[in-house]
Amino acid sequence: SYKKSFQRVWRMLLGLCIFSLGYYMFQWVLGDRVTIGIVDFFLAVLHNPLSLAFWYLYMYIGLLIMMPLLQKLVSVLDKQDCEYIIGLSLLINGVWPILEHWCPALTSTELFDFALFDSYVAMLMIGYYIKKYVVASKRLNILALIGFVVCVIFNVLMTYHEYLLKGGNDYLVYDPCVYLPIILEGACVFYLASNISIKGNWLKIIKLVSGCTLGIFLISDF
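Note that residues are indexed from 1 along each chain, following the sequence as it is written. Thresholds applied to this predicted model are a pLDDT of at least 70 for local features of residues and 80 or more for the giving and counting of side-chain atom pairs; totals over whole chains, interfaces and linings are not thresholded and use all residues. Calculated side-chain values reflect all of the structure's heavy atoms, with hydrogen atoms and water omitted.

Asker: Please provide a residue-by-residue account of the overall build of the protein chain, values included.
Answerer: Helices and strands together make up the secondary structure of the protein chain, namely 9 helices and 0 strands. Mapped in sequence order, the helices and strands of the protein chain form the string α-α-α-α-α-α-α-α-α. Principal axes of the C-alpha set define a box for the protein chain whose edges measure 55 × 50 × 40 Å. When accessible area is computed with a 1.4 Å probe and restricted to protein chains, residues below 20% of their type maximum are described as buried, those above 50% as exposed, and intermediate ones as partly exposed. In the protein chain, which comprises 222 residues, the share counted as buried stands at 27%. For this analysis, residues touch if any pair of their heavy atoms sits within 4.5 Å. When contacts within the protein chain are restricted to residue pairs at least 6 apart in sequence, long-range pairs at least 24 apart make up 76% of them. To measure how exposed things are, a 1.4 Å probe is used in the Shrake-Rupley method; for residues, cover is taken only from the protein chains shown. For the protein chain, the accessible surface area stands at approximately 15000 Å², while carbon and sulfur atoms represent 70% of it. Mean positive and mean negative side-chain charge positions of the protein chain (15 and 14 charges, respectively) differ by 21 Å. Each helix is a run of H or I in the DSSP string that is no shorter than four residues. Each strand is a run of E no shorter than two, and both are numbered from the N terminus. None of His or the chain ends enter the tally, which takes Lys and Arg as positive and Asp and Glu as negative. Working definition for charges: the position is that of NZ of Lys, CZ of Arg, CG of Asp or CD of Glu.

Asker: Break down helix H2 (residues 38-47) for me, with residues and values.
Answerer: Those residues of H2 that fall on the buried side of the exposure criterion are Phe-41, Ala-44 and Val-45. For H2, the arc enclosing every buried residue in end-on projection is 95 degrees, short of the 170-degree limit, so these residues lie on one face. Exposed and facing more than 90 degrees away from the buried side of H2 are Val-39, Leu-46 and His-47. On its buried face, H2 sits against helix H1 (2-30) and helix H3 (55-75). By construction, the arc corresponds to the directions joining the helix axis to the C-beta atoms.

Asker: Account for the side chain of Glu-100, with residues named and values stated.
Answerer: Along the chain, the position of Glu-100 falls in helix H4 (residues 79-102). No salt bridge is formed by the buried Glu-100, whose closest oppositely charged neighbour, Lys-166, lies at an N-O distance of 14 Å. The contacts of Glu-100, once residues within four sequence positions are left out, are Leu-106, Thr-107 and Ser-108. Salt bridge, as applied in this entry: a Lys or Arg side-chain nitrogen positioned within 4 Å of an Asp or Glu carboxyl oxygen.

Asker: Help me get a handle on the packing of H4 against helix H5 (residues 119-133), residues and values and all.
Answerer: Packing of H4 against H5 leaves a shortest axis separation of 9 Å and a crossing angle of 145 degrees. Our pair here, H4 against H5, has a crossing hand that is left-handed. Along its contact with H4, which presents Lys-79, Cys-82, Glu-83, Ile-85, Ile-86, Ser-89, Leu-90 and Asn-93, the element H5 presents Ser-119, Ala-122, Met-125, Ile-126, Tyr-128, Tyr-129 and Tyr-133. Residues are sorted three ways: Asp, Glu, Lys and Arg are charged, Ala, Val, Leu, Ile, Met, Phe, Trp, Tyr, Cys and Pro are nonpolar, and all the rest, Gly among them, are polar. Grouping the constituent residues of the contact of H4 with H5 by class yields 10 nonpolar, 3 polar and 2 charged. Throughout, an axis means a line fitted to C-alpha atoms (over the contacting stretch in the case of helices), and angles, computed between N-to-C directions, take values from 0 to 180 degrees. For any helix crossing, the convention is left-handed if the near helix is rotated counterclockwise from the far helix by under a right angle, and right-handed if that rotation is clockwise.

Asker: Go over the packing of aromatic side chains with me, naming the residues and quoting the values.
Answerer: Only rings of Phe, Tyr and Trp enter the pairing, Trp through its six-membered ring, and a pair is recorded when the two centres are within 6.5 Å. The plane angle decides the type: under 30 degrees is stacked, over 60 is edge-to-face, the rest tilted. A full pass over the atoms with the stated rule returns 15 aromatic pairs. An angle of 80 degrees between the planes, with centres 5.8 Å apart, marks the rings of Tyr-56 and Phe-217 as edge-to-face. One end of the pair, Tyr-56, is in helix H3; the other, Phe-217, is in helix H9 (residues 213-219), with 161 residues separating them in the sequence. Judged by centre distance (6.0 Å) and plane angle (75 degrees), the rings of Tyr-84 and Phe-117 are edge-to-face. Here Phe-117 lies in the loop between H4 and H5 and Tyr-84 lies in helix H4, a separation of 33 residues in the sequence.

Asker: Lay out unusual backbone geometry with the relevant residues and their values.
Answerer: In this structure, Asp-170 takes a positive phi of about 50 degrees despite not being glycine. Structurally, Asp-170 is set in the loop between helix H6 (138-165) and helix H7 (180-194).

Asker: Before we move on, can you summarise the nonpolar core with the specific residues and values?
Answerer: Side chains of a nonpolar character, in soluble globular proteins, are inclined to be buried together. Put simply, buried Ala, Val, Leu, Ile, Met, Phe, Trp, Tyr and Cys residues joined by side-chain atoms within 4.5 Å make one nonpolar core. Counting residues in hydrophobic clusters, the biggest one holds 17 residues, and the most contacted among them are Ile-86, Met-125 and Ile-126. Every element with two or more residues in this core is listed here: H4, H5 and H7. Counting residues per element, this core draws most heavily on H7, at 5 residues. Here Met-125 is in contact with Val-74, Leu-77, Cys-82, Ile-85 and Ile-86, once residues within four sequence places are set aside. In this structure, Leu-16, Tyr-24, Phe-41 and Leu-50 belong to the second largest nonpolar core, which totals 14 residues.

So, in structure tokens, the structure goes:
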């Protein structure tokens, strides 16, 4: 419901502001900020994340705002519709920028507008697709492991290639998490994690640790 979604939005906004305040005051203590104030703090939060890791919270809050409509959208999509959205999103935002980097002649005009095909929405759609349509099997488990390893190796080798090519400068070409190799890594991990059967004390430990992950994330830069 809209009410539930905006409760989540409010909770994330509150968390963002409270923990951003900690980083804000820490910057002041270090001398990175000459003056501090309430208005200055909120403008700082509005303009840029006060912790580099907090980019994720901004993106996540945007997804939460869209969630009621995305849920209504997905309820009327069939398997082929999901594949269409996922495929085009990954092609436009995950594959084409890499091809443009390899071959600048392929750079397309910015007048193309594919607003619906957003990589972060596609990531949600991939998770939904895996849970609803993918049947777990030993063969798929092996393929997911292989896919994860291959994508990691690709990113390491290509990043090293850029490092050598640019003399140690501007080598994070393959770093954006919307690029295909990184999205596929995430999809493989999500599939494997969704199909691991854990019971007993291990399950209790995992539940305990998983409940701490947001807190760990929020204070990680400290």
